[in-house]
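The primary structure of each chain is shown beneath.
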Amino acid sequence: MRRISLWVVALVALLFTSCGKEDFKSFVGTWGVEKLEYYNIDYAGNPIAASLESYSYDPEDANNSIQLVFREDKTGEMRDGAIDTLWLDYNEETETYETVIYNPDTILVYTFTYSYDKTESALYMNMKYTYPYVYSRTFMVKVSDLSDNAFTYENEYDVDYMEKAYLKRISNTPLRETGRQMTKHPRKPGSLMGDR
């Protein structure tokens, strides 16, 4: 009898383990940002209202969106046309950018790999940036309100600084096309959507 109960426990543990490995599939598809909020938090972790900056987008309008594409192979890309300034040609000697383009008419595409830990509600994204130089950075964002059509995440990107994003599903399949995008927001170094 003891042998059977150990077998049942092992089988149940295996089922829970294998189910957890598929949790990332909740994200597969194309998502568009509806709103981004940046704010400071106090010592208790509450938002400081006076610091709130909010930016709205139309996730389905190719001219007004930031999109995240999640694929089944745990790779993806962030398509960002909502940039207000491009800094190019970094000079290491002077530690300045030699070319600055304001309000560029372009879309920057950043690739990433990702995983999702449902028990922690944590989405891990290892972003690869090629602008202004090549580097990688891993983000751990806390996912809340995850449904088939929307999710919200919070990212503490610096001590006492938060980024909160509201995303809407555009498609259940990862879209390949990109469009011209216009809405701008300032860089927030260290945040997922603003770190360039």
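**Considerations on the environment of aspartate 42**
Here is step 1 of the chain: If you trace the backbone, aspartate 42 turns up in the loop between strand S1 (29-40) and strand S2 (53-56).
Here is step 2 of the chain: Residue class for aspartate 42 comes out partly exposed when judged on its relative accessible area of 26%.

**Digging into the confidence of the model for the protein**
Reading predicted coordinates in detail is not appropriate for stretches of low pLDDT.
Here is step 1 of the chain: When pLDDT is averaged across the protein, the result is 78; 74% of the residues are at 70 or more.
Here is step 2 of the chain: Segment residues 1-20: pLDDT under 50, and zero contacts once partners within four positions in sequence are set aside and those in other chains are kept.
Here is step 3 of the chain: Confidence drops under a pLDDT of 50 for residues 177-183, and excluding neighbours within four residues, the segment shows 30 contacts in the predicted structure.

**Quick look at the environment of glycine 76**
Here is step 1 of the chain: Locating glycine 76 in the fold gives a position in strand S4 (residues 75-80).
Here is step 2 of the chain: Glycine 76 gets classed as buried once you look at its relative accessible area, which sits at 3%.
Here is step 3 of the chain: Here the alpha-carbon distance between glycine 76 and proline 174, two residues 98 residues apart in the chain, equals 8.5 Å.
Here is step 4 of the chain: Once you skip the residues sitting within four places of it in the chain, glycine 76 turns out to touch Val69, Arg71, Tyr110, Thr111 and Phe112.

**Overview of the side chain of glutamine 67**
Here is step 1 of the chain: Secondary-structure assignment places glutamine 67 in strand S3 (residues 66-70).
Here is step 2 of the chain: Not counting residues within four places of it along the chain, the set of residues in contact with glutamine 67 comprises Thr30, Trp31, Gly32, Pro59, Glu77, Met78, Arg79 and Ile170.

**A word on the pairing of strand S10 (residues 150-158)**
Here is step 1 of the chain: Note that strand S9 (residues 135-144) and S10 share three bridges and pair antiparallel. Across the sheet, valine 143 pairs through a bridge with tyrosine 153, a residue of S10.
Here is step 2 of the chain: Count of turn residues in the S9/S10 antiparallel hairpin: five residues, of which aspartate 145 carries a positive phi of about 55°.
Here is step 3 of the chain: Pairing between S10 and strand S11 (residues 161-171): eight bridges, direction antiparallel. Residue pairing across strands places glutamate 154 opposite lysine 164, the latter belonging to S11.
Here is step 4 of the chain: Linking S10 back to S11 in an antiparallel pair, the connection comprises two residues, with aspartate 160 at a positive phi of about 70°.

**Digging into the packing of aromatic side chains**
Here is step 1 of the chain: As enumerated under the stated definition, the model contains twelve aromatic pairs in all.
Here is step 2 of the chain: Grouping aromatic residues by their ring pairs yields a cluster made of Phe24, Phe27, Trp31, Phe70, Phe112, Tyr114, Tyr116 and Phe151.
Here is step 3 of the chain: In this arrangement the basic side chain of lysine 35 is found over the ring face of tyrosine 166, its NZ or CZ atom lying 5.2 Å from the centre.
Here is step 4 of the chain: A cation sits over an aromatic face here: lysine 74 above phenylalanine 24, 4.7 Å from the ring centre.

**Description of the environment of leucine 36**
Here is step 1 of the chain: Secondary-structure assignment places leucine 36 in strand S1.
Here is step 2 of the chain: Between the alpha carbons of leucine 36 and serine 54 there is a distance of 5.7 Å; along the sequence they are 18 residues apart.

**Some details on the pattern of salt bridges**
Here is step 1 of the chain: Tallied over the entire structure, the rule returns six salt bridges.
Here is step 2 of the chain: With a closest N to O distance of 2.7 Å, arginine 79 and glutamate 77 form a salt bridge.
Here is step 3 of the chain: For arginine 79, a relative accessible area of 0% translates into the label buried.
Here is step 4 of the chain: Given a relative accessible area of 14%, glutamate 77 falls into the buried group.

**Brief notes about unusual backbone geometry**
Here is step 1 of the chain: The residue glutamate 95 is not glycine, and still its phi comes out positive at about 55°.
Here is step 2 of the chain: In this fold, glutamate 95 is placed in the loop between strand S5 (85-91) and strand S6 (96-102).
Here is step 3 of the chain: A positive phi is found at serine 121, a non-glycine position, where the angle reads about 50°.

Rules used in this analysis
Residues numbered from 1 in each chain as written. Predicted model: local features only at pLDDT ≥ 70, side-chain atom pairs only at ≥ 80, totals over all residues. Heavy atoms only, no water. Helix = DSSP H or I, 4+ residues; strand = E, 2+ residues; numbered from the N terminus. Buried < 20%, exposed > 50% of the residue type's maximum accessible area, 1.4 Å probe, protein only. pLDDT = per-residue confidence, 0-100. Contact = heavy atoms within 4.5 Å. Pairing = 2+ DSSP bridges. Phe/Tyr/Trp six-rings, centres within 6.5 Å; stacked < 30°, edge-to-face > 60°. Lys NZ or Arg CZ within 6 Å of the ring centre and 35° of its normal. Salt bridge = Lys/Arg side-chain N within 4 Å of Asp/Glu carboxyl O.

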